[in-house]
Amino acid sequence: MDMHSDRKRPRTELDAEVAANAQLTNHPDLYFEDGNVIMKTGNTLFCVHRTILSKHSTVFRDLFAQNTQTLRGLPSLTVDDDKEDMESLLNAVYDGMHIDFPTLTVESFPTLAGLLRIATKYQIQRPRTAIIERLQIQWPSSLEKHDEKQVDVRERLLQQQQQQGDGAAENLIVHPASVIGLLRECNYNSPELLTPLFYDLSTRVWQFEAPFTGYHIMPLSPADKERLIVGINKLRSLQIQSFACPTVTCLRHPPAEQRRLLACQTELLKMWHNVAYACMVKDGDHCRPVEDWAGMVGMIRIACSKAATARDAQKDALCASCCNSVVATVEQSRRTIWNSLTGLFALAQ
Ligand SMILES: [Zn+2]
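Our subject in this report is the structure included herewith. Everything numeric here is computed off the predicted structure, so don't read it as measured data.

### Observations regarding unusual backbone geometry
Of note in the backbone geometry, Arg 72 takes a positive phi value of approximately 55° without being a glycine. Its location among the elements puts Arg 72 in the loop between β4 (70-71) and β5 (74-79). Positive phi is not limited to glycine here, since Asn 187 has a value of about 60°. With respect to the element layout, Asn 187 can be found in the loop between α10 (176-185) and α11 (191-202).

Here it is, written out as structure tokens:
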């Protein structure tokens, strides 16, 4: 420090500065001896390399260029970020942008969220992309991957319940509303990840119960709260429409087979009534249409195998061709529900 300027400063000011500096701690891993710029977050000091940070972030480059502060004879920058977030970001920068992700749980989510926020703030693209990709594994946009994930989640929940009891399940899975809130805060608006998140959130209506606290959807913006309500309403309407018996399924019979066509339509109505009725009046809610329709596909397949047995016994039953068609129709209905979600929740950009 310049002794000449110190002589001009009041004693109390100097004492206060000495006391404040005494509380400062060098970060154990990220205070490099050959660093040439000091960053201060709270009482923690990071001594890092200006060129390395400037290379990855134009925001840092501009901040360094405008900065006039010094500390310990080096240019210094005081930032208002959390120490842990800055630590994650600098670790990523100094580790070739490699990010070691823990399993995504309620406990590990804040670290990941902090890193996404700070990577967005300083416009460091690779950690941001890596985190978005990690979230996409948890909330995939393809129906096939979604189905795989459901199996995986059920197994993890079962394990957790066996180890820690029923209450543990809620802590295992990060709440989709928290993830949506985080993504919006970080200017991420792509339907690719938001659609499966909104669907997941819509399946959790069972969690909302009196006395209502608003806690479950608190991280959502007012616009996203409206989007959720309207989306659920539209999704339930689509579910109801999908329960209409697809009699067109039988229209592959040519006009010359009029009697066969009418017989198949009658058999299909009977089959459909039994299966759809069981789905419509089942116990519990209708919060999970994509999963419910997987159940519909399964039940229709069973009904078709019973029809094959009946045909072998020379009894009236849906013909093999119509059985194949109705299975394909129900599978398509399920895919239509999944593919409609972006539109239903008005997430298209
Ligand atoms: Zn037929």
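What follows picks up the thread again.
### Remarks on the sheet that holds strand β3 (residues 44-48)
Neighbouring strands of a sheet are bound in pairs by backbone hydrogen bonds; such pairs are parallel or else antiparallel. Taken in spatial order, the five strands make up an open sheet running β1-β3-β2-β5-β4, and their pairing is mixed. The sheet terminates laterally at β1 (25-31) and β4, the two strands that pair on one side only. In terms of strand pairing, β4 meets β5 through two bridges, oriented antiparallel. Pairing of Thr 70 across the sheet is with Pro 75, part of β5. Contacts from helix α5 (residues 83-94) reach β1, β2 (37-41) and β3, with the element oriented near 15° to β3.

### Let's talk about the packing of helix α13 (residues 258-280) against helix α14 (residues 289-312)
At a closest axis distance of 10 Å, the pairing of α13 and α14 adopts a crossing angle of 150°. Relative to α14, α13 is oriented roughly antiparallel. Judged by the sense of rotation from one axis to the other, the crossing of α13 with α14 is right-handed. Facing Met 271, Val 275, Ala 278 and Cys 279 of α13, the residues of α14 in contact are Asp 292, Gly 295, Met 296, Met 299, Ile 300 and Ala 303. Across the contact of α13 with α14, the residue classes tally to eight nonpolar, one polar and one charged.

Cut-off values and rules
- Residues numbered from 1 in each chain as written.
- Predicted model: local features only at pLDDT ≥ 70, side-chain atom pairs only at ≥ 80, totals over all residues.
- Helix = DSSP H or I, 4+ residues; strand = E, 2+ residues; numbered from the N terminus.
- Pairing = 2+ DSSP bridges.
- Contact = placed C-beta atoms within 7 Å.
- Axes fitted to C-alpha atoms, helices over the stretch in contact; angles between N-to-C directions.
- Parallel < 35°, antiparallel > 145°, perpendicular 65-115°, else oblique.
- Left-handed = near helix turned anticlockwise from the far one by under 90°.
- Nonpolar A, V, L, I, M, F, W, Y, C, P; charged D, E, K, R; others polar.

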